[in-house]
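Listed below are the residues making up each chain.
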Amino acid sequence: MAPDDEQVLVARLSAGDTGAFDEVYDAYRPRLFAFLLRMTRNRALAEDLLDETWLRLVRHATRLLPDTRLGPWLFTVARNLYWSHRRDALLEESFVPELLTLWPSPAPWPSPFDLAAAGELERRVERALSTLSPQYREVVLLVGHQGLTPADAAVVCGVSPEALRQRLSRARATLAEKVRHTPAVAALKKGFAT
Amino acid sequence: MSVDRDDQPGDEDLLSSLARLRICDISQRRSRQLRRRCHAMLQGEPPMDRWSLGVDGAFRREIVPALGGVWCLAYLAEIVRCTAAIYGYLGNP
């Protein structure tokens, strides 16, 4: 979205224009949901966090600065909601070791994404992504999938551009390594069948 | 899509695969509901549940403590009056 168009959109949104909201909603809803779904790996939770993201936008609509960039703003809210939920969930479950490492165990079977992905490599990437740590997964998704610039992704993640670049580099290397060691879904299915 | 000779994806393949990952969406029904809710909030129409929550919140925050305070004061005044009556400070009826 061109910066000028975005500024007009933000101004209309601040004035309570529902047409402007619809434009933003239609442009970003699927992208935000895809991001949240891959972060949470839980459809119901992703839907709830998506609702809250949009409600926060309309609650803050009148306070948006004229130069607000809606994409990074929305992804920042969605990301913060995800991390807030994750912290609460970890504390509730007294899952202290995971709180310290924040390293999820890999899913032992193909996710719905695996099965629906178009090609074999996409399936392997989906599967490898689900085993990445959330910190790595979010930068890979924001830059690699959502097309944010590293500078915008740094804003979303609340880190310096340099830190983001380093994290992205490590995340890509880890992802590539995991993809190399991720068996094809067909092989997994065969393994389960036997 | 090109892959390396040993069937391992290269960096370019990985990046293009990431960009091609499926975009998902919520159901149309849920999307419509959320859109309506946001429109209502944008146009400053307080949803019914929020309005009732607001009234309920004000009731709990202000009215209940006020009623409790009045009741405590009345109870205390009555105790003082009874005590004064027992010890004869209020004079003979």
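Everything quoted here is computed from the prediction, not taken from an experiment.

Residue and element names in this part refer to chain A. Under the definition given, this model contains six aromatic pairs over all chains. Between tyrosine 25 and tryptophan 54, the ring centres sit 5.1 Å apart and the planes meet at 70 degrees, which makes this aromatic pair edge-to-face. Placement of tyrosine 25 in helix 2 (residues 18-40) and of tryptophan 54 in helix 3 (residues 43-59) is noted, with a sequence separation of 29 residues between them. Residue class for tyrosine 25 comes out buried when judged on its relative accessible area of 0%. Among the residues examined, tryptophan 54 registers a relative accessible area of 0% and is labelled buried. Taking the centre distance of 5.2 Å and the plane angle of 70 degrees together, the rings of tyrosine 82 and tryptophan 83 count as edge-to-face. Of the aromatic side chains, those joined through ring pairs into one cluster are Phe21, Tyr25 and Trp54. Seen from the ring of tyrosine 25, arginine 29 lies directly overhead, with NZ or CZ sitting 4.9 Å from the centre.

By the secondary structure assignment, Glu47(A) is in helix 3. You can call Glu47(A) buried: its relative accessible area is 13%.

Moving on to the interface of chain A and chain B. Listed by partner, the interface residues are 41 residues for chain A and 30 residues for chain B. For the interface between chain A and chain B, the tally reads six salt bridges. For Asp26(A), the salt bridge identified is with Arg35(B), shortest N-O distance 2.8 Å. Here chain A and chain B share 11 residue pairs in polar contact (both at pLDDT 80 or more) between them. At the level of elements, helix 2, helix 3, helix 6 (112-116), helix 7 (120-131), helix 8 (134-145) and helix 10 (161-181) of chain A are the ones that each hand at least two residues to the side of chain A that touches chain B. Its residues placed into classes, the side of chain A that touches chain B shows 21 nonpolar, four polar and 16 charged.

What counts as what
Residues numbered from 1 in each chain as written. Chains lettered and ligands numbered in written order. Predicted model: local features only at pLDDT ≥ 70, side-chain atom pairs only at ≥ 80, totals over all residues. Heavy atoms only, no water. Phe/Tyr/Trp six-rings, centres within 6.5 Å; stacked < 30°, edge-to-face > 60°. Helix = DSSP H or I, 4+ residues; strand = E, 2+ residues; numbered from the N terminus. Buried < 20%, exposed > 50% of the residue type's maximum accessible area, 1.4 Å probe, protein only. Lys NZ or Arg CZ within 6 Å of the ring centre and 35° of its normal. Contact = heavy atoms within 4.5 Å. Salt bridge = Lys/Arg side-chain N within 4 Å of Asp/Glu carboxyl O. Polar contact = N/O pair within 3.5 Å; in protein donor to acceptor, adjacent residues only side chain to side chain. Nonpolar A, V, L, I, M, F, W, Y, C, P; charged D, E, K, R; others polar.

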